[in-house]
Structures are given as structure tokens and as C-alpha cells.
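Observations on chain architecture
If you want the building blocks of each chain, they are given just below.
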Amino acid sequence: MAERKKVAVIMGSGSDAATMQAAIGQLEALNIAYEAHVMSAHRSPQRAADFASGAREQGFGVIIAAAGKAAHLAGVLAAHTTLPVVGVPIRSQDLGGMDALLSTVQMPSGVPVATVAIDGAKNAALLAAQILAVTDADLAKRLSELKLRMEADVLAQDRALFDSSN
Ligand code: RP5
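First, a word on what this report is: a plain description of the structure on this page. (Residues numbered from 1 in each chain as written. Predicted model: local features only at pLDDT ≥ 70, side-chain atom pairs only at ≥ 80, totals over all residues. Heavy atoms only, no water.)

**Focus on the site of the ligand**
By nearness alone, every residue bordering the ligand is listed as Gly12, Ser13, Ser15, Asp16, Arg43, Ala67 and Gly68. Taking Gly68, its main chain carries an N or O atom lying 3.1 Å from an oxygen atom of the ligand. Relative to its free-state accessible area of 360 Å², the ligand is covered by the protein chains to the extent of 72%. (Near = heavy atom within 4 Å. Polar contact = N/O pair within 3.5 Å; in protein donor to acceptor, adjacent residues only side chain to side chain. Areas by Shrake-Rupley, 256 points an atom, 1.4 Å probe, with all protein chains shown as cover.)

**Observations regarding the sheet that holds strand E1 (residues 6-11)**
Taken in spatial order, the 5 strands line up as E2-E1-E3-E4-E5 in an open sheet, and their pairing is parallel. Strands at the two margins of the open sheet, each flanked by one partner only, are strand E2 (34-38) and strand E5 (114-115). Relative to strand E4 (residues 85-90), strand E3 (residues 60-68) runs parallel, the two sharing 6 bridges. Of the residues in E4, the one forming a bridge with Ala66 is Val88. The strands touched by helix H4 (residues 98-105) within the sheet are E3, E4 and E5, with E4 carrying the most contacts at an inclination of about 160°. Across the face of the sheet, helix H5 (residues 121-132) comes into contact with E1, E3, E4 and E5 while running at roughly 165° to E3. (Pairing = 2+ DSSP bridges. Helix = DSSP H or I, 4+ residues; strand = E, 2+ residues; numbered from the N terminus. Contact = heavy atoms within 4.5 Å. Axes fitted to C-alpha atoms, helices over the stretch in contact; angles between N-to-C directions.)

**Here's the deal with unusual backbone geometry**
Phi is positive for Asn31, close to 60°, though the residue is something other than glycine. Tracing the sequence through the fold places Asn31 in the loop between helix H1 (17-29) and E2. Residues other than glycine seldom take positive phi values, yet Asp119 does so here, at roughly 65°. Considering the arrangement of structural elements, one finds Asp119 in the loop between E5 and H5.

See below:
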């Protein structure tokens, strides 16, 4: 059986941790092994480069990278690895996260970052899970069950709305 890969949840600052808790919670709910770290493209660039360079060897299968403002973390990590990198632009007070969104999504040709919505931590974890599930049938089953639960939730909301208006 193939070795189970870990997900790296990297954030540019401790101030991103509250937002990224949604990613960590989703990974835990899906029983996916992960490591969370703070490292910065600007304040600790060598550590970020070294981490990304060794991530595949360390057993990671996907890197989630969250940063705000001039958000170069996801791009820098992607420059140093062939693992898929999922970028999470973090909302800032000044520009509402548009700064981080554009910094994360507008990667030059050759170095992709799969960018989710501003503060889209939960979707980052789900995308990471779906990437790992390409070669992990058990995880794919858990993701299918999650989709069925989402559908059941919507049906229940529809029924409640219909019943309250009739
Ligand atoms: C980015 O700058 C971080 O990812 C964070 O979102 C933002 C602000 O960082 P702090 O000044 O709060 O450490 O690098």
C-alpha cells in the first residue's frame, strides 16, 4: 500500500493562525496527518526555501500556504518544490485581502499556485485532501461521504424553508 502523505499548513505569521484553524479542523475531520508551521517569505526566507526543498522527502504530499498583504509565501514555496501548493490569501484591514489574492494568484508561467478564495482555509484543506485522494481510496470515500452530508444539509434547509412558508 502507498505511504500516506502529510499536508503542510504553512502561514506567514502567527496572526494568520485563527483563520487557518478552519483548514486544520477540516484536515483533522478527514483524519489527514498534517504539520502546521509559521514561516515567512520575507522574514525567514531561507527557512521557507529549505522547508519547501525538503518537503517531498519529509513525506508531505501537498503544501497549503497562507499569507496576507504582499503575500509571496505560496509562490516562494512553489518555486522550491514540485509538490502541489495551495495558496490561501489572508484578509488584511487595509485592502480587504485583494492585495494577498492578487499576490498569490498571479504567478508567472511555470510556477503554479492553486489559489482559493480570500480566507478560504477550509477549501484549501479540501483541495489538499482531494489531491491526496487521487492515490488514496479510503480518503476518497471519506470525501464522498462529506459531499453526501452537504447534499443532505441542503435538502434539510430546503424542506425547512418550504414547510415554514406553507
Ligand atoms: C503576512 O503579513 C502574514 O501572512 C500576515 O497575514 C501579514 C501580517 O503579519 P503580522 O505583521 O501580523 O506578523 O506576511
